[in-house]
Amino acid sequence: MSEKKTGNKVSFKIILASDPKLPFKIIKVPEKAPFLAVVKFAAAQFKVKFETSAIITNDGFGVSTKQEAGAVFLKHGQELRLIPRDRVGCSLE
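Now for a look at the structure at hand. (Residues numbered from 1 in each chain as written. Predicted model: local features only at pLDDT ≥ 70, side-chain atom pairs only at ≥ 80, totals over all residues. Heavy atoms only, no water.)

Some points on the overall build of the chain
Consideration 1: Broken down by element type, the chain carries two helices and four strands.
Consideration 2: For the chain, the N- to C-terminal ordering of α and β elements is β-β-α-β-α-β.
Consideration 3: Every one of the 93 residues in the chain was classed for burial, and the buried ones make up 31%.
Consideration 4: Summarising the internal contacts of the chain: among those between residues at least 6 apart in sequence, 57% fall at separations of at least 24.
Consideration 5: In the structure as shown, the chain presents an accessible area of about 6800 Å², 54% of it carried by carbon and sulfur atoms. (Helix = DSSP H or I, 4+ residues; strand = E, 2+ residues; numbered from the N terminus. Buried < 20%, exposed > 50% of the residue type's maximum accessible area, 1.4 Å probe, protein only. Contact = heavy atoms within 4.5 Å. Areas by Shrake-Rupley, 256 points an atom, 1.4 Å probe, with all protein chains shown as cover.)

Rendered as structure tokens:
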């Protein structure tokens, strides 16, 4: 008889900050999942490029993608914002 070990999961509420309606997606992932994978999946769900997107907290602090999802959850909580970077800053013309 084989037993399947299932790791703990964390749940994130990812809000698309560039949309005035503030749509969101709830994403459940294993604690050990790389946070970069979470960002890629969230960007795909909102149909924005993950390469030019950033995740921030509600307080405006950036979240590094070089950590596990469980560590991000413990440090920053469940609610995060996805910002397409092409919406950040100004353009010089």
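A short note on unusual backbone geometry
Consideration 1: A positive phi is found at Leu22, a non-glycine position, where the angle reads about 50°.
Consideration 2: On the secondary structure map, Leu22 appears in the loop between β1 (9–16) and β2 (24–30).
Consideration 3: Note on Leu22: relative accessible area 38%, which makes it partly exposed.
Consideration 4: Phi at Lys47 is positive, roughly 60°, even though this residue is not glycine.
Consideration 5: Following the sequence through the fold, Lys47 ends up in the loop between α1 (35–46) and β3 (53–56).
Consideration 6: We classify Lys47 as exposed; its relative accessible area is 75%.

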